[in-house]
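A structural walkthrough
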Amino acid sequence: MMESYKAVDRAYELFNETKYPEAAALYEELIELEPDVKLHYWCLGLCLALQGHIEEAQITWWITIEENESSKNEFVEFLRKTAREFGLDFKRYDIAVSILEAGVGLELENIYLLTDLARFYSLSSRHDECIEIANQYHELAQDTANQIFANHLILHSLLILSSQWQNAFVLADSQIELIKSLIQEQPNNLTSADINRLFIATFFLPYIKDDPSRNRILQNELVKLCQDNLQGLSTQKNIKKSIEKKPLKIGYLSHCLRKHSVGWLSRWIFKYHDHEKFNIYGYFIFDQQNTDSVREFIADYCDVSYKFGHDVAAISRQIIEDEIDILVDLDSITLDISCQIMALKPAPVQITWLGFDASGIPAIDYFIADPYVLPENAQDYYSEKIWRLPNTYIAVDSFEVLFPTIHRNQFNIPTDAIVYLSSQTGYKRHPDTVRLQIQVIKSVPNSYLLIKGLSDQEGIQNLFKEIADSEAISSDRLIFLPLVNSEAEHRANLDIADVILDTYPYNGATTTMEALWMCIPIVTRVGEQFAARNSYTMMINAGITEGISWSEQEYLDWGIKLGTDENLRKQIFWKLKESRKTSPLWNAEQFTRDMESAYIQMWQTYNE
């Protein structure tokens, strides 16, 4: 037998190489050598569990677990840490699930095992199982914060499944009441895990209902409570610097600076920044080691860039050490880690831009908008100061486009048919809008509706077919498209459509930009919230008003008109073609100058 510490290292290597039988044999030898070391038993149990020997694994674990809560909690934290390493660091959700399933089978009644198992079921697209486990978690939870997070997990899976919207509506109302209750309680002892989960607890509300005056105020109060509970808030006092300081240090923080909608849209500002006036820092969170052309493009235009995992303290400390003047958050409440970093206030001026609606975190000073994407009275319910750029809050120079890989004859669509397309995620498939889309094709003879997007495909098909049946429309006029390998291929395939039908209350954003670039008419409905006005501002900035509707009836009317009026479609095509030469939407260099002007004014205000 080799020396103990060498044997431990070798067993760990074998385990990471997924050579579980060999690792198990070595752990058995270590147990004979050091029978009092619990970690050897725990690791042996993992090796057995991952070979499918669940009962043997559980028996091995039980040997070391004493009756007291401290012993149980120590073991649970070991399982959770191991599962998170596989699941979050290596994206091996299957291994994380196997570990947690075996732990839950011990019936320790630990809600955190259930929490993590539900999360990894969700990440594995096992949404029915996620709902079942999250319901168990909710029943065991004794505090409001954990009940809120259980609801969040369930709501996420319900929306992904797409065919259970009525349950989602009921649960969203319950979630609102729980959040109100927590705000009224004003607890001051929330754990770090509680805080991170609560930051994102309102994420799905804009998909359910366009009610920003309610949702935003709720969000503002909730994240203020989170920030107040954060322990160890930065006490660094940022020294006021001269207004004439050159260059300003601008930091961009996100986990989406890659082949992602945020990456595709934001890359242009990195390209056009004036590096004589600004030093650009990129903070890439959850950065993966695999090659990503968008990520590399952005990094190449940064003066300094960092690859980070999910260590909030390390990221915040680096931002402080870099003496960033203005920190730009592109994640908002799409990532809890970004929320916590921004709440720690590592930079004197902090902004939210692009990735989602504003987070409402008190430590964030500004939210970037434009004259159209928020209504005039929006400042009434935003905690951040709304900074409206002169034309548009986003611009690109172009999109890469390949060759189409789908054609009408593949789906037996007649050459003279009118093809409508709706390409969005399952979250956005609100049944009221689906019904309107079905009514459009019902009203336009010889028309078809193509449906595409990341979602549970069975659920989406059931949703559309049930509504089509209720409207007496043959499901033969509904065609469900598969996902494709690249964004450039997706954009090329948009050419199959005569008209794009947008979603509401959560519009398209990148999908709208892509459709406008491909010169395809769009029907959108404008609402009050940020998510319900993205297509509106993009169409206005592309010089198009045809297709913009302010009610369900107008949406239906525009859908019918654009489907039946070929000349109107041609006019819009040529307008959009010409817009590439003059539109603010397609002038990323001017947009960058507008953003830079905003940064300078913000810095001057800070120094006053």
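Here, every reference points to the structure presented above.
Thresholds applied
- All residue numbers refer to position in the chain's written sequence, counted from 1.
- Predicted model: local features are reported for residues with pLDDT of at least 70 only, side-chain atom pairs are reported and counted for 80 or more only, and whole-chain, interface and lining totals are derived from all residues.
- To obtain the side-chain values, all non-hydrogen atoms of the structure were included, while hydrogens and water were left out.
- Of the two site types, the cavity is a set of points on a 1 Å grid over the protein atoms alone where a 1.4 Å probe fits but cannot get out, and the pocket is an open set with protein on both sides within 12 Å along at least five of seven lines, each lined by residues with an atom within 4 Å of a point.
- Grid points are joined across faces, edges and corners, and a volume is the space filled by probe spheres set on the points.
- The helix and strand labels rest on DSSP assignments: H or I over at least four residues marks a helix, E over at least two residues marks a strand, and numbering proceeds from the N terminus.
- Lys, Arg, Asp and Glu make up the charged group, whereas Ala, Val, Leu, Ile, Met, Phe, Trp, Tyr, Cys and Pro make up the nonpolar group; the residues left over, Gly among them, are polar.
- Axes here refer to lines fitted to C-alpha atoms; in helices the fit is confined to the stretch in contact. Angles between the N-to-C directions go from 0 to 180 degrees.
- Working rule for angles: under 35 degrees goes down as roughly parallel, over 145 as roughly antiparallel, 65 to 115 as roughly perpendicular, anything else as oblique.
- Here, two residues are considered to be in contact whenever any of their heavy atoms come within 4.5 Å of each other.
- Here, a strand pair is defined by DSSP locating no fewer than two bridges between the strands.
- Exposure categories follow from relative accessible area, calculated using a 1.4 Å probe and restricted to protein chains: below 20% of the type maximum is buried, above 50% is exposed, and the middle band is partly exposed.
- Side-chain atoms alone can form a polar contact between residues adjacent in sequence; in general such a contact is a pair of N or O atoms within 3.5 Å, and within protein one must be able to donate a hydrogen while the other accepts it.
- Given the number of residues in a helix, its expected span is that number minus one, multiplied by 1.5 Å.
- Criterion for a salt bridge: a side-chain nitrogen of Lys or Arg within 4 Å of a carboxyl oxygen of Asp or Glu.
- Our working definition of a disulfide is a cysteine sulfur pair at a distance within 2.5 Å.

A short note on the layout of surface pockets
Counted as a void, the second largest pocket has a volume near 350 Å³. In this structure, the second largest pocket is lined by 16 residues; those nearest its centre are Y12, C43, F78, T82 and E85. Looking at the lining of the second largest pocket, the elements with two or more residues in it are α1 (4-16), α3 (38-49) and α5 (69-89). In terms of residue count, α5 provides more of the lining of the second largest pocket than any other element does, 5 residues in total. Taken together, the residues of the lining of the second largest pocket break down into 11 nonpolar, 3 polar and 2 charged.

Some remarks on the packing of helix α14 (residues 261-272) against helix α25 (residues 588-607)
Running from amino to carboxyl end, α14 crosses α25 at an angle of 75°, the nearest separation of the two axes being 9 Å. With respect to their mutual orientation, α14 and α25 come out roughly perpendicular. Between α14 and α25, the contacting residues are W268, I269 and Y272 on the first element and A588, E589, F591, T592, R593, M595, E596 and Y599 on the second. The residue inventory of the contact of α14 with α25, partitioned by class, reads 7 nonpolar, 1 polar and 3 charged.

Some points on the sheet that holds strand β12 (residues 522-525)
Hydrogen bonding along the main chain pairs the strands of a sheet, whether they run parallel or antiparallel. Pairing is parallel across the open sheet formed by 6 strands, whose spatial order is β10-β9-β8-β11-β12-β13. Both outer strands of the open sheet, β10 (478-480) and β13 (548-549), are each paired with one neighbouring strand and no more. Sheet analysis places strand β9 (residues 447-452) next to β10, joined by 3 bridges and oriented parallel. The residue of β10 that forms the bridge with L449 is L478. Contacts from helix α18 (residues 431-443) reach β8 (418-423), β9, β10 and β11 (499-501), with the element oriented near 155° to β9.

Considerations on empty space enclosed by the protein
Enumeration according to the criterion identifies 5 cavities of 30 Å³ or more in this entry. Empty space within the largest cavity amounts to approximately 120 Å³. Per element, the largest residue contribution to the lining of the largest cavity is 4 residues, and it comes from helix α13 (residues 212-229). When the residues that make up the lining of the largest cavity are grouped by side-chain class, the tally is 5 nonpolar, 4 polar and 2 charged. Computed from the structure, the second largest cavity encloses a volume of approximately 100 Å³.

Re the sheet that holds strand β3 (residues 304-307)
Strand order across the open sheet formed by 7 strands is β3-β2-β1-β4-β5-β6-β7, with parallel pairing between neighbours. The open sheet has two edge strands, β3 and β7 (385-388), and neither has a second partner. Each strand axis lies, on average, 25° off the axis of its neighbour in the sheet, ignoring direction. The sheet contact formed by strand β1 (residues 248-254) and strand β4 (residues 326-329) spans 4 bridges and is parallel. Across the sheet, residue G251 finds its bridge partner in β4, namely L327.

Re the side chain of D357
When you line up the elements, D357 lands in the loop between β5 (349-352) and β6 (366-369). You can call D357 buried: its relative accessible area is 12%. At a separation of 3.4 Å, a polar atom in the side chain of D357 contacts the side chain of R216. Contact partners of D357, with chain neighbours within four places excluded, come to R216, S332, T352, F367, Y382 and F530.

Examining α13
With 18 residues, α13 should cover 26 Å at 1.5 Å per step; its first-to-last C-alpha distance of 25 Å lies within 8% of that length. For α13, every residue scored as buried is listed here: P212, N215, R216, L218, Q219, N220, L222, V223, L225, C226, Q227 and N229. Residues of α13 that are buried make contact with α10 (165-185), α11 (192-199), α12 (205-208) and α17 (336-343).

Digging into α14
An α-helix turns once every 3.6 residues. As a result, residues three or four positions apart point the same way. Within α14, 10 of the 12 residues are buried, which leaves it mostly tucked inside the rest of the structure. Where α14 is buried, its residues meet β1, β2 (278-284), α15 (293-300), α20 (487-493), α21 (510-517) and α25.

Focus: the pattern of salt bridges
Under the criterion given, the structure shown has 30 salt bridges. Between R126 and E129 there is a salt bridge whose closest N-O contact spans 2.8 Å. Judged by its relative accessible area of 29%, E129 falls in the partly exposed class. Across the pair E589 and R593 runs a salt bridge, and its minimum N-O distance is 3.9 Å. Here E589 and its partner R593 are both found in helix α25, 4 residues apart, which amounts to about one turn of the helix.

Things to note about the state of the cysteines
According to the stated counting rule, one finds 0 disulfides in the structure shown. Lacking any disulfide linkage, C43 is separated from the closest cysteine sulfur, that of C47, by 7.0 Å. Of the cysteine sulfurs around C130, a residue in no disulfide, the closest is that of C339, at 20 Å.

Details of the environment of S98
Mapping S98 onto the fold places it in helix α6 (residues 93-104). Since its relative accessible area comes to 25%, S98 is described here as partly exposed. Spatially, the C-alpha atom of S98 lies 9.9 Å from that of F120, the residues being 22 residues apart in sequence.

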